[in-house]
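Residue-level structure breakdown
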Amino acid sequence: MTSAKLKLGVLISGRGSNLQALIDACAAPDFPAEIALVLSNKADAYGLERAAAAGIPTTVVSHRDFPGDKPAFEAAMDARLRGAGVELVCLAGFMRILSEGFVGSWRDRLINIHPSLLPSFKGLDTHARALATGVRFHGCTVHFVRPAMDDGPIVAQAAVPVLPGDDANSLAGRVLESEHRLYPHAVRLIAEGRARVDGDLVRIEGAPLALDAVVNPPF
Ligand code: GRF
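Reference entry: report on the structure contained in this document. (Residues numbered from 1 in each chain as written. Predicted model: local features only at pLDDT ≥ 70, side-chain atom pairs only at ≥ 80, totals over all residues. Heavy atoms only, no water.)

1. Examining the overall build of the protein
Our working definition: By definition, any uninterrupted DSSP run of H or I lasting at least four residues is a helix, any uninterrupted run of E lasting at least two residues is a strand, and each is numbered from the N terminus. Every radius of gyration here is taken over C-alpha atoms, with the globule rule written as 2.2 Å times N^0.38, N being the number of residues. In what follows, a contact means two residues having at least one pair of non-hydrogen atoms within 4.5 Å. All accessible areas in this document rest on Shrake-Rupley with a 1.4 Å probe, and a residue is counted as covered only by the protein chains that are shown. Positive charges come from Lys and Arg, negative ones from Asp and Glu, while His and the chain ends are left out of the count. The atoms used to mark charge sites are NZ of Lys, CZ of Arg, CG of Asp and CD of Glu.
Secondary structure summary: the protein contains six helices and nine strands in total. Computed over C-alpha atoms, the radius of gyration of the protein comes to 17 Å, within 12% of the 17 Å expected from 2.2 N^0.38 for 219 residues, which places it in the range of a compact globule. By its C-alpha atoms, the protein is 55 × 45 × 35 Å across when sized along the principal axes. Counting only contacts in the protein whose residues sit at least 6 apart along the sequence, the fraction spanning at least 24 positions is 61%. Summing over all exposed atoms, the protein offers an accessible surface of approximately 11,300 Å²; the carbon and sulfur share of this is 55%. Positive and negative side-chain charges of the protein, numbering 22 and 24 respectively, have mean locations separated by a distance of 1 Å.

Encoded structure:
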């Protein structure tokens, strides 16, 4: 007998490479989650084709159909997600800012992946800003969503080195590869009940300790 898998709703607006990473992870029989619905606010999002190719139900809720009425837009999304039995909402390149009402109603059941090591570089253009700042490590973060943008308890992070000669594109590519590994890992931790929100923090159970310092530039 297999235990029930956590039902994911993935929200996208575009290319959907992180969605693809979740689709690929969910294809493994022992992965503890499955995608119940992919929801896009854009009908031409390439991620919808990825989902369809994997046989996953898709739906489009366009913000343009609710001009000036964000609560109605979010209520429509909420209804589709709940209708599909979604238990955890995963933002994966979803380019609309969600209101306090929506975020509150999915509290601790709504996660996001952001292309920086939060709390550094919230917002857009994270790779160019990391280069301009001269940090030696950059990366990505999966976090539970709170009403403030790119804020909330951190589940997991992946760090990548910033290399001599990097431009925003090369750095973005390195970070994106790390995103594709990190998002399924974070979802697994949550689905297995090993990542639990405790106030402003996430407590992780049963993970090995990473004890070695990583130095860049290397010794
Ligand atoms: C990713 O870099 C993600 O971190 C950010 O938006 C981008 C989405 O890319 N939130 P994709 O649509 O998953 O390819």
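2. A short note on the site of the ligand
What counts here: What makes a residue near a molecule or strand is one non-hydrogen atom of that residue sitting within 4 Å of it. Pairs of N or O atoms are called polar contacts if they sit within 3.5 Å, as long as, within protein, a hydrogen donor faces a hydrogen acceptor (for residues adjacent in sequence, only side-chain-to-side-chain pairs). Gly counts as polar in this scheme, as do all residues outside two lists: the nonpolar Ala, Val, Leu, Ile, Met, Phe, Trp, Tyr, Cys and Pro, and the charged Asp, Glu, Lys and Arg. Residue ranges assigned to each domain were obtained from an automatic or database domain assignment.
Taken together, Arg15, Gly16, Ser17, Asn18, Gly93, Ile113, His114, Pro115 and Glu179 make up the full set of residues adjacent to the ligand. For the ligand, an oxygen atom lies 2.5 Å from a polar atom in the side chain of Arg15. Asn18 is positioned such that a nitrogen or oxygen atom in its backbone is 2.8 Å from an oxygen atom of the ligand. Burial of the ligand by the surrounding chains reaches 85%, relative to a free accessible area of 370 Å². Looking at the shell around the ligand, its residues break down into two nonpolar, five polar and two charged. Residues lining the shell around the ligand come from more than one domain, with at least three contributed by each of domain 1 (1-106) and domain 2 (113-140 + 148-219).

3. Quick look at a positive patch on the surface
Our working definition: To count toward a patch, a residue needs a relative accessible area above 30% and no salt bridge. Like charges then connect within 9 Å, nonpolar side chains (Val, Leu, Ile, Met, Phe, Trp, Tyr) within 5 Å. We count a salt bridge whenever a side-chain nitrogen from Lys or Arg sits within 4 Å of a carboxyl oxygen from Asp or Glu. With a 1.4 Å probe rolled over the protein chains alone, any residue whose accessible area is under 20% of its type maximum counts as buried; one over 50% counts as exposed, and the rest are partly exposed.
Side chains of Lys42, Arg64, Lys70 and Arg96 sit close together on the surface and give a patch of like positive charge. If you trace the backbone, Lys42 turns up in the loop between strand E2 (33-40) and helix H2 (46-53). Since its relative accessible area comes to 38%, Lys42 is described here as partly exposed.

4. Regarding the sheet that holds strand E6 (residues 137-144)
Rule in force here: Any two strands with at least two DSSP bridges between them are considered paired. Helix axes are fitted to C-alpha atoms over the stretch in contact, other axes to C-alpha atoms as well, and angles between N-to-C directions run from 0 to 180 degrees.
Taken in spatial order, the seven strands make up an open sheet running E3-E2-E1-E4-E5-E6-E7, and their pairing is mixed. Strands at the two margins of the open sheet, each flanked by one partner only, are strand E3 (58-60) and strand E7 (154-161). Here the strands of the sheet are splayed against their neighbours by 20 degrees on average, with no regard to which way each runs. Pairing between strand E4 (residues 88-91) and strand E5 (residues 110-114): three bridges, direction parallel. Note on E5: the bridge partner recorded for Val89 is Leu110. Its contacts with the sheet place H2 against strand E1 (6-12), E2 and E3, and it is angled at close to 155 degrees to E3. Running at roughly 155 degrees to E2, helix H3 (residues 70-83) makes contact with E1, E2, E3 and E4 of the sheet.

5. Points about the pattern of salt bridges
For the coordinates displayed, the defined rule picks out nine salt bridges. Among the salt bridges present, the one from Arg174 reaches Asp166, with a minimum N-O distance of 2.7 Å. Classification of Asp166 by relative accessible area gives buried; the value is 14%. The network of salt bridges with shared partners includes Arg188, Glu192 and Arg194.

6. Considerations on the side chain of Arg146
Relative to the elements of secondary structure, Arg146 occurs in the loop between E6 and E7. Residue classification places Arg146 among the buried positions, given a relative accessible area of 11%. In terms of polar contacts, Arg146 uses its side chain to reach the side chain of Asp108, at 2.7 Å. Among residues more than four places away in sequence, those in contact with Arg146 are Val103, Arg107, Asp108, Asp151, Gly152, Pro153, Val197 and Gly199.

Such coordinate-based values are descriptive only and should not be taken to indicate function.
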